[in-house]
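Structure assessment
These are the residues of each chain, in order.
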Amino acid sequence: MKNQQGTIQRILADNFSVVPHAKITYVGWLTKESIKKRNSSIVIEFTQPEMANAIIYAGFLWEGLIYNCQLYDRSCRIKQCLRCYDYGHIGTQCSAPQKCGYCAGGHGSRDCSVKGSPGFKPKCALCGGIHTAWNAACPARQKEMQRVEKAKQLRNHYWPIPPRRTASATDSHNKTGPTLSTSSSDDTTGPAT
Ligand SMILES: [Zn+2]
Ligand SMILES: [Zn+2]
Ligand SMILES: [Zn+2]
């Protein structure tokens with residue numbers, strides 16, 4: 001997000017009545033910024049779980065409107081490797097041979113020479129079906145989507161609060177950084193209906 005510090009200052013000012021002593025370490029769109037998109041989520045990282053919980057409970061003020069917030073749990077998103085296209089890990093953690101998402105050949109999708117050629121039929125790198133490796137019709141993707149749905153149902157609504165040790169400990173930075181996402185609009189025309 002452009003002007004990270006300015007945005008954080010504005011968020012803290014807007015939400016002062018709910019979280020007067022909050023510290024925010026990060027704010028950003030959940031997905032890449034794009035002009036076309038009408039709706040997007042933002043992720044805000046607080047240093048203290050209590051502050052994130054207060055916003056989840058009370059709602060989040062943003063440009064004069066109030067938005068619902070949820071605890072942001074990374075396991076509630078589809079995780080697909082861009083190297084071998086299998087699910088459950090990402091490219092930097094991958095030790096499998098590289099595969100093409102268009103034709104399942106042993107090259108990167110970017111270097112595919114057959115995609116888009118006349119009569120080209122995609123071949124899934126995961127199941128061998130006639131679709132690209134990220135297609136919603138793929139049984140492997142459907143399995144991953146089921147996992148995500150389950151994870152969403154099981155996720156906590158609020159961050160666990162660690163027992164208080166010393167007064168100074170409550171002010172220390174939480175390493176994992178509680179995050180939450182809130183539905184918001186990145187378009188001045190307002191949220192799409
Ligand atoms: Zn992989
Ligand atoms: Zn290819
Ligand atoms: Zn498939």
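All chains use their own residue numbering, which begins from 1 and follows the written sequence. All chains are assigned letters beginning with A, and all ligands numbers beginning with 1, in the order in which they are written. For a predicted model such as this one, the threshold for reporting local features is a pLDDT of at least 70, and the threshold for listing and counting side-chain atom pairs is 80 or more; totals across whole chains, interfaces and linings nevertheless cover every residue.

A look at the overall build of the protein
- Counting its regular elements, the protein contains three helices and six strands.
- Starting at the N terminus, the α and β elements of the protein follow one another as α-β-β-α-β-β-β-α-β.
- Out of the 193 residues in the protein, the part that is buried amounts to 20%.
- This entry defines residue contacts through backbone-placed C-beta atoms, with two residues in contact when those atoms are within 7 Å. In the protein, the share of contacts with a sequence separation of at least 24, taken over all contacts with a separation of at least 6, comes to 52%. Numbering of helices and strands starts at the N terminus; helices are DSSP runs of H or I of at least 4 residues and strands are runs of E of at least 2. Around each residue's C-beta, the other C-beta atoms within 10 Å are counted; 20 or more make the residue buried, 12 or fewer make it exposed, and counts in between make it partly exposed. All C-beta atoms are placed from the backbone.

With respect to the environment of V114
- As for its position among the elements, V114 is in the loop between strand 5 (69-71) and helix 3 (139-154).
- For the pair V114 and C103, spaced eleven residues apart in sequence, the C-alpha separation works out to 7.5 Å.
- If near-sequence neighbours (up to four positions away) are discounted, V114 is found in contact with C103 and F120.

Digging into the confidence of the model for the protein
- What pLDDT conveys is the predictor's confidence in a given residue, as a value from 0 to 100. Here the protein averages 85 in pLDDT, while 82% of its residues score no lower than 70.
- Within the model, pLDDT remains below 50 along residues 169-176, and this stretch shows six contacts once partners closer than five positions in the same chain are excluded.
- Here residues 183-193 is modelled with pLDDT under 50, and outside its nearest four sequence neighbours on either side it reaches 21 contacts, counting other chains as well.

Examining the nonpolar core
- Take the buried Ala, Val, Leu, Ile, Met, Phe, Trp, Tyr and Cys residues, join any whose C-beta atoms are within 7 Å, and the set you get is a nonpolar core. With 14 residues, the main nonpolar core has A22, I24, I44, F46, M51, A52 and I55 as its most contacted residues.
- Of all the secondary structure elements, the ones that give two or more residues to this core are strand 2 (39-46) and helix 2 (49-58).
- Considering every element that reaches this core, the biggest residue donor is helix 2, with four residues.
- Counting residues in each nonpolar core, the second largest holds ten residues, with C81, Y85, Y102 and C103 among its members.

A short note on the environment of A104
- With respect to the element layout, A104 can be found in the loop between strand 5 and helix 3.
- As for A104 and C84, which are separated by 20 residues in sequence, their C-alpha atoms are 9.0 Å apart.
- Excluding residues that lie within four positions of it along the chain, A104 makes contacts with K99, K123, C124 and A125.

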